[in-house]
Amino acid sequence: MKRIPAKIVLEDGSSFDGFSFGKEVSVAGEVVFNTGMAGYPEGFTDPSYEGQILVLTYPLIGNYGIPQTKQEYDLDHHFESSKVHISGLIIQEYSETYSHHEAKKSLGDWLKENNIPAITGIDTRALTKRLRSKGVMLGKIIITDDKEFFDPNQNNLVKQVSTKKAITYKNKTPHIALIDCGVKNNIIFSLIKRGATLTRVPWDYDIFTNAQYDGILISNGPGDPKMCHQTIKTIKAAIKREIPIFGICLGNQLLALAAGANTYKLKYGHRGQNQPAINLDTKRCYITTQNHGFAVDEKTLPAGWKPWFRNANDKTNEGIRHNAKPFFGFQAHPESMPGPNDTSFLFDDFLDVVRKNNEKKAR
Amino acid sequence: MKKKPGKKKEKKDEAKKKMKILILGSGALKIGEAGEFDYSGSQCIKALKEEGITTILINPNIATIQTSEYLADKIYFLPIKPSYVEEVIKKEHPNGILLSFGGQTALNCGVELHDQGILDKYGVKVLGTQVQTIKDTEDRDLFVKKLAEIDIKVPKSKAVSTVEDAQKAARMIGYPIMMRVAYALGGRGSGIIQNESHLIAQAKKAFSFTNQILIEECLVGWKEIEYEVVRDKADNCITVCNMENVDPMGIHTGESIVVAPVQTLNNHEVQLLRDVSIKTIRHLGIVGECNIQFALSPDSDDYRVIEVNARLSRSSALASKATGYPLAFVAAKLSLGQLLPDIPNSITKVTAACFEPALDYIVVKMPRWDMKKFRRIDRVIGSEMKSVGEVMAIGRSFQEAIQKAVRMLDTGMDGITAKVDIEDVRKELKNPTDVRLFAIAEAIKQGISREEIAGITKIDNWFLAKLESIITIEKRLLEEKLTPELLMQAKKHGCSDKKIASLAQMQEDAVRVMRKKNNIVPFIKQIDTLAGEFPAKTNYLYLTYHGQEHDITFKEKKKIMVLGSGAYRIGSSVEFDWCAVNCVKTLRELGYFTILINYNPETVSTDYDETDKLYFDELSSETVRDIYELESPEGIIVSMGGQIPTNLISGIKDHVKILGTRPEHIDNAEDRNKFSKLLDALEIDQPEWKELTTTEDALEFAAAVDYPVLIRPSYVLSGAAMNVAFDEKALKEYLTLATEVSKEHPVVISKFILNAKEIEIDAVASKGEIICYAISEHIENAGVHSGDATMVLPAQKLYLETTRRIKAIARNIARALFITGPFNIQFLAKDNNIRVIECNLRASRSFPFVSKVYKLNFVEVATKAIMGRAVKRVDKAVFDLDYVGVKAPQFSFQRLKGVDPTASVEMASTGEVACIGDSLGDALLKSLEATGLMIPEKFILLSISGIQNRTKFLPEAKRLIDQGYILYATNNTYNFLRRYNVPSILVTKPTAPSVVRRAFSRLNAKPDVLSLIREKRCELVISIPDELDPNHHEDKYLIRRHAIDFSVSLITNIQVAILFVQSLQERKHLSIKAWDEYM
């Protein structure tokens, strides 16, 4: 079998040679790494990866192939959205042979179908260390033609991945407005499973005019939160109206910006399934899935707001909350997928707060 | 104001200082409970010391690092038994006790201490996981109930206490069923049962050593997955590592090839089992570390929790080494009540311990078996553990790691396609033995499809595909011209230069030259617990061909490399780890930067804080040279890791600088021919010998010197293929065996001298002059391998003249070989004749024993000598002791079904213990007890073969009667005793027809010997074979085997039996003293 050479070139000039196993196209984007050891079908379909070329630090990938879709509410359980969002994939050792009772096709075939280039045979540890020491860089996968470097963060990535129209997932109460900045399927499932009715709306949707929601969930999503002016405006209005708000990942950053705090870009972000987040009130530590390149600057939190969770490794912010009012944000992913389910109770907590708020209103 | 917090802290420190914690070790290394507990105990002590806590350790395993003077504050070399522990508690008044760092031995002892009310009586608090939780995990019935409370699925099962209930339960669940035994080490007595008669037999046996067994649904073929879980008292809970057994359910995890992390599970399965792990561990209330095992269906996400080990285990040692996460250290801190988020990650030094390691490599663990060492062994592997050690290989592809692992086993296999004799591959796949992996490779080679192999073995297709890719590459190496591209591919698939050379028909060195020319070299990567996410300060390293840059630099100065001991196997275990660790420690104290190579996950030497750089990789000449070339150290020390480093010398000596005794001198001692000539030149006696050229020559020689003769290959450790032939037929048979084992080195036969005493000297020399020495004697006469012998130090029964001559001989040899460093010489003494039988120019198995008895670290002295430091001759007063040390072998015959439990010239013990006493008897009794022997109160069975043996034992039989013992005896022994008026009760022969046995038994005239043992109506069996009679006696074998199978104490050596009886009168006044109290 003839192997097709492929390479990844970084903006610092370094270049790593390997072989193609996805679509034979060249692509440019932002290069990031993730340290998770399983969960590529879920991970690659996370809209937060929009515009990014992903390096996996775990070397053996493709082992269990790609499962068949399993849908509910038009949403897939095995994938976090309806398409592959990474722009390209860089790994050490692709497993041609896959083995799993749920597998329907190989990872390579799936990536080809989705027009995603992928390289195997790369010293991903060396590449990761470069990204760690120099910070996240632009890069390009070259298989066919050469490409210009391209910074996806210049685009409004949220706009690219957000739903184009409002969709309602009907269940019981409460009724939650889900601001889709690139939402993962399991956030939706997590709320429905707990009885909530959801209306999933575009990032810039006006949620106040036509309906009344019991609570607002701001989803995860790609890129720089400061690009989402419209969403920040919506959140500011919601804060004023004292509607309970829960922000996840990008949603946490947007909540902070709406509250008046600042966000900044991390040197190389947090992407993995082993990130320890400490609840500053209880001192309890939770292992979380994370996928973010930006963070809330705790020092800029205005009066009335406080840090809620903090990363045990680098002490960066992992969540904020209001001292008195039902507004909180979590920088990690309580819906996991892939990764540990330790913080899924936050959905319960959120819905409890929403229900209590409803009772209060009723009184 | 400022002073306040300081004062508070002081107070806290003071409280800690007053805190005294007792730690129970695991005793001797045995199958199912090996070196991993030296690792966990040592890390535990380090963690407690860091808190300023006073530590007391009870462990009779003198060769461990944890029993070093610089670790625990007080060390007791005593049996891990409640009676001894109580005495220590009485003396030391500890506030707390730790039960989870000494394996099943410590756990069981702790439960007993608790149940007997001893802990309450003296106010000793169990730290970490509580006894009730231990019981909930150990008692299968409680366990099943406990898990049912939270809807966690366990195998359908029933705990039963009678054979009848077992039958009922099995019928309900349906055959085949799995039988498991509560409180069992590594699954002892467990197994798949196909039908009722099989069940009755197995259940009866199990009830001899347990009062509960479990009949459960058979999950053979399901994936076997393990998680290592850590929890603190505030309920923070994490899973540090998950592992997948390549060999699925049905093969004990200790017998399985295991990979970390899991390879064939998707996110849903990984998280499902993780969630179940955490839920279970929280519900059980474990504080510290534990291991949870799952069966996972290969066709759905159905799972069962198989078991929870509420303690550090073999798997946790593996997980610790695989991830770099110091599990035992953290577990110890949690036992003190500390919280996970407050403990720093001591590997990275920049992140927290409250996280789950991310790996960016794959780890493969392989078990090491020593089946050939045992007579009558059943080589089939299954739900009981038989392996004696393990290796761990790290790579960035499965192929790279597993091929390394195979070579690390050091069984002569050069990768997965090694030549082994397999008659019928399919049969081997179906009934796996220790060569299963090679059978799979052979099957692939023969063109048997992966689907078929997976169908028979239930091994996941993913693993088989990876193995197949190795065979594809090897085929290309055989058929194609070796291009740089192909060479690179072969290296990425883990092929050694030697393998590539043999396939491509080149010289090994030519492959190396080609590699270097084309820049095909391994890269050094770090194990950092978090896949490169943070710049960790780790020194934990491995080599890979899947890379393009090194993680580290090689700029350090004053570097010394030390080679470790590799996999534990019979004849080489924790004692060489002790040597390596102490060598490195001394080097560091001398200001050197130390580099250690070792790949055994059960060791302390592979702990992150023992060396400056640790290469967790192969001890092969290829890898040692690769590392040497990168590091350019000042030299290599090869004399501390046992036989593996010694065997490497010839392959590396032209390329590296070997420190200590010169390689050519080592060769002069290792090569039988050269060594013999040297002895002749020095006019030192040796048993007559000859190097084998032809069988005819051998027969002629044997006839000339007269049988018996000893056959041995040179360059081997622990007497592999060593045998004593009493006649021509046996000689021919053993010769074939010996040539098989050692193809590269000559086979030697020598005159075997009967009734000779064996004496050893362990010593250190500098430039040919002896600096310190220890002369110890064996209790057993020659004919028992030195590793299986009971050793006494200082020698108690040697003539001064003998001692003088031994010293003189050692001095002459040391000068002649210009020894610098450690060495050991073994002697035979008979009728005032002293003959040299062996000389090793390296640290020996007994170095830790002699060092600790003399309180003089021989390895430290040796290391200083090797480094050219001025070392003074040790003052003779050091060797004048008012106490005695006795080292006794630990056998694992209970694990090895059907094996004849006797010692011979080929070593069979898996470990050892040593106790110190005020007298020889004091030390001997404690040592024997520490190996599991129970001191009898009333009933002893004698079965002594050979008139000589009976005569020798006669006074002791009388002594037993005088002390009020009741003796049972087999026919000949009975008649002999009767002739000398020693009363005994005659028992029937085991091979007598059952009608006869039953009839006698009914009449109560002659007890049936087997039921006597089975029903434990005798407490000790003394069964002595006649060494002059090589014929196999089924009767005697059955008696010995029965004693083992039904946990009745057994002594099989005449000298040990005699000394044991002579010591019995001291049994009521054994000394309970800490090591430092012997002065």
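Residues numbered from 1 in each chain as written. Chains lettered and ligands numbered in written order. Predicted model: local features only at pLDDT ≥ 70, side-chain atom pairs only at ≥ 80, totals over all residues. Heavy atoms only, no water.

Time to look at the overall build of chain A. Regarding its fold elements, chain A presents eight helices and 23 strands. Taking 21 Å as the expected radius of gyration for a compact globule of 363 residues, we find that chain A reaches 20 Å, a close match to that expectation. Viewed in the frame of its principal axes, chain A has a C-alpha envelope of about 75 × 40 × 35 Å. In chain A, which comprises 363 residues, the share counted as buried stands at 67%. Long-range contacts, defined as pairs at least 24 residues apart, comprise 74% of the intrachain contacts of chain A with a sequence gap of at least 6. Split by element, the accessible area of chain A, about 13100 Å² in all, is 47% carbon and sulfur. When the 46 positive and 39 negative side-chain charges of chain A are each reduced to one mean point, those points stand 5 Å apart. (Helix = DSSP H or I, 4+ residues; strand = E, 2+ residues; numbered from the N terminus. Rg over C-alpha atoms; globule rule 2.2 N^0.38 Å. Buried < 20%, exposed > 50% of the residue type's maximum accessible area, 1.4 Å probe, protein only. Contact = heavy atoms within 4.5 Å. Areas by Shrake-Rupley, 256 points an atom, 1.4 Å probe, with all protein chains shown as cover. Lys, Arg positive; Asp, Glu negative; His and termini not counted. Charge placed at Lys NZ, Arg CZ, Asp CG, Glu CD.)

Looking now at the interface of chain A and chain B. Counting residues at the interface gives 53 residues for chain A, matched by 61 residues for chain B. At the junction of chain A and chain B, the tally comes to eight salt bridges. Lys129(A) is the salt-bridge partner of Asp551(B), the closest N and O atoms lying 2.8 Å from each other. There are 33 residue pairs in polar contact (both at pLDDT 80 or more) connecting chain A and chain B. Broken down by secondary-structure element, the contributors of at least two residues to the side of chain A that touches chain B are strand S2 (15–20), helix H3 (124–134), strand S19 (262–279) and strand S20 (285–297) of chain A. Of all the elements, S19(A) adds the most residues to the side of chain A that touches chain B, at eight residues. Split by residue class, the side of chain A that touches chain B holds 19 nonpolar, 21 polar and 13 charged. (Salt bridge = Lys/Arg side-chain N within 4 Å of Asp/Glu carboxyl O. Polar contact = N/O pair within 3.5 Å; in protein donor to acceptor, adjacent residues only side chain to side chain. Nonpolar A, V, L, I, M, F, W, Y, C, P; charged D, E, K, R; others polar.)

Moving on: the pattern of salt bridges. Residues and elements named next belong to chain B. Here the structure, examined in full by the defined rule, presents 89 salt bridges over all chains. Here glutamate 51 ties to lysine 333 by a salt bridge, and the two come within 2.7 Å at their closest N and O atoms. Within this pair, whereas glutamate 51 is found in the loop between helix H2 (36–50) and strand S2 (54–58), its partner lysine 333 is found in helix H12 (residues 327–335), the two being separated by 282 residues in sequence. You'll find glutamate 51 and lysine 333 in the same group, each marked buried. The closest approach of N and O atoms between lysine 491 and glutamate 622, which form a salt bridge, is 2.6 Å. Here the residue lysine 491 occupies a position in helix H18 (residues 484–492), and glutamate 622 occupies one in helix H22 (residues 621–631), the gap between them amounting to 131 residues. Exposure class is identical for lysine 491 and glutamate 622. Each is buried.

Residue and element names in this part refer to chain B. What helix H8 (residues 163–173) keeps buried is the set Val163, Ala166, Gln167, Ala169 and Ala170. With its buried residues spanning 165 degrees around the axis, H8 presents them on a single face. For H8, the exposed residues set more than 90 degrees away from the buried face come down to Glu164, Lys168, Arg171 and Met172. Here the buried face of H8 lies against strand S6 (157–160), strand S7 (177–181), helix H9 (196–206) and strand S9 (213–217). Two residues or fewer after H8 comes glycine 174, characterised by a positive phi angle close to 95 degrees. (Arc of directions from axis to C-beta.)

A word on unusual backbone geometry. Generally, phi is negative for residues other than glycine and the peptide bonds are trans, each holding for most cases. All names here are of chain B. Cis peptide bonds are those with omega within 30 degrees of zero, and the linkage from alanine 260 to proline 261 qualifies with -5 degrees. Inspection of the secondary structure puts proline 261 in the loop between strand S12 (258–260) and helix H10 (267–284). Here the bond from leucine 793 into proline 794 is cis, since omega is -10 degrees, no more than 30 degrees from zero. With respect to the helices and strands, the residue proline 794 is situated in the loop between strand S30 (791–793) and helix H28 (800–816). With phi around 60 degrees, asparagine 981 is a residue other than glycine that occupies positive phi space.

Grouped together as the largest cluster of nonpolar side chains are 269 residues, with contacts concentrated most on Ile8(A), Phe44(A) and Leu107(A). Here this core spans two domains, since at least three of its residues come from each of domain 1 (4–153) and domain 2 (157–362) of chain A. Excluding anything up to four places from it in sequence, Leu107(A) contacts Phe21(A), Tyr40(A), Phe44(A), Ile61(A), Gly62(A), Gly65(A), Ile66(A), Leu89(A) and Tyr94(A). Formed by 70 residues, the second largest nonpolar core is a distinct cluster that contains Ile89(B), Val111(B), Val131(B) and Phe1060(B). (Core = buried A, V, L, I, M, F, W, Y, C linked by side-chain atoms within 4.5 Å. Domains from an automatic or database assignment.)

In the structure shown here, the tally under the stated rule is 31 aromatic pairs over all chains. Judged by centre distance (6.3 Å) and plane angle (75 degrees), the rings of Phe294(B) and Tyr303(B) are edge-to-face. Three or more aromatic residues joined by ring pairs form one cluster here, namely Phe246(A), Tyr286(A), Trp308(A), Phe309(A), Phe328(A), Phe330(A), Phe345(A), Phe347(A) and Phe350(A). The positively charged end of Lys140(A) is found above the aromatic ring belonging to Phe149(A), 4.4 Å away from the centroid. (Phe/Tyr/Trp six-rings, centres within 6.5 Å; stacked < 30°, edge-to-face > 60°. Lys NZ or Arg CZ within 6 Å of the ring centre and 35° of its normal.)

Moving on: the domain arrangement of chain A. Residue and element names in this part refer to chain A. Partitioning chain A into domains gives domain 1 (4–153) and domain 2 (157–362). With centres defined by C-alpha atoms, the gap from domain 1 to domain 2 works out at 27 Å. Taken together, the contacts link 34 residues of domain 1 with 30 residues of domain 2. Taken together, the two surfaces of domain 1 and domain 2 that pack against each other cover about 2600 Å², and 55% of this comes from carbon and sulfur. (Buried area = accessible area lost by both parts, 1.4 Å probe.)

Attention now goes to helix H26 (residues 695–705) of chain B. Residue and element names in this part refer to chain B. Every buried residue of H26 is accounted for by Ala698, Leu699, Phe701, Ala702 and Val705. All buried residues of H26 project into a common sector of 160 degrees when viewed along the axis, lining one side. Turned more than 90 degrees from where H26 packs its buried face, Glu696, Glu700, Ala703 and Ala704 sit exposed.

On to the pairing of strand S11 (residues 237–245) of chain B. Residue and element names in this part refer to chain B. Taking burial as the measure, the nine residues of S11 include nine buried ones, the bulk of the element. Two strands pair when backbone bridges link them, and strand S10 (residues 223–231) and S11 are joined in this way by seven bridges, in the antiparallel orientation. In the strand pairing of S11, isoleucine 225 is matched with glutamate 244. The loop that links S10 with its antiparallel partner S11 comprises five residues; one of these, aspartate 235, has a positive phi angle of about 80 degrees. (Pairing = 2+ DSSP bridges.)

Strands in a sheet are paired, the pairing made by backbone hydrogen bonds, and the direction either parallel or antiparallel. Residue and element names in this part refer to chain B. Sheet architecture is open: seven strands sit in the order S32-S31-S28-S29-S30-S33-S34, paired in antiparallel fashion. Of all the strands in the sheet, just strand S32 (833–840) and strand S34 (911–917) have a single pairing partner and so form its edges. Averaged over all neighbouring strand pairs, the angle between strand axes comes to 25 degrees, with direction disregarded. Relative to strand S29 (residues 769–781), strand S28 (residues 757–766) runs antiparallel, the two being bridged by nine bridges. (Axes fitted to C-alpha atoms, helices over the stretch in contact; angles between N-to-C directions.)

Residues and elements named next belong to chain B. Read from one edge to the other, the open sheet built from four strands follows the order S6-S9-S7-S8, with strand pairing classed as antiparallel. The outermost strands of the open sheet, each flanked by one partner alone, are S6 and strand S8 (191–193). Between one strand axis and the next, the sheet turns through 30 degrees on average, direction left out of account. Bridge count between S7 and S9: five bridges; the pairing is antiparallel. When the sheet's bridge partners are listed, methionine 178 is paired in S9 with glutamate 216. Relative to the sheet, H9 contacts S7, S8 and S9, its axis offset from that of S7 by approximately 10 degrees.

This paragraph deals with the confidence of the model for chain B. Averaged over all residues, the pLDDT of chain B is 92; the fraction at 70 or higher stands at 95%. The low-confidence segment residues 1–6 of chain B, where pLDDT is below 50, has zero contacts with residues more than four positions distant or belonging to other chains. (pLDDT = per-residue confidence, 0-100.)

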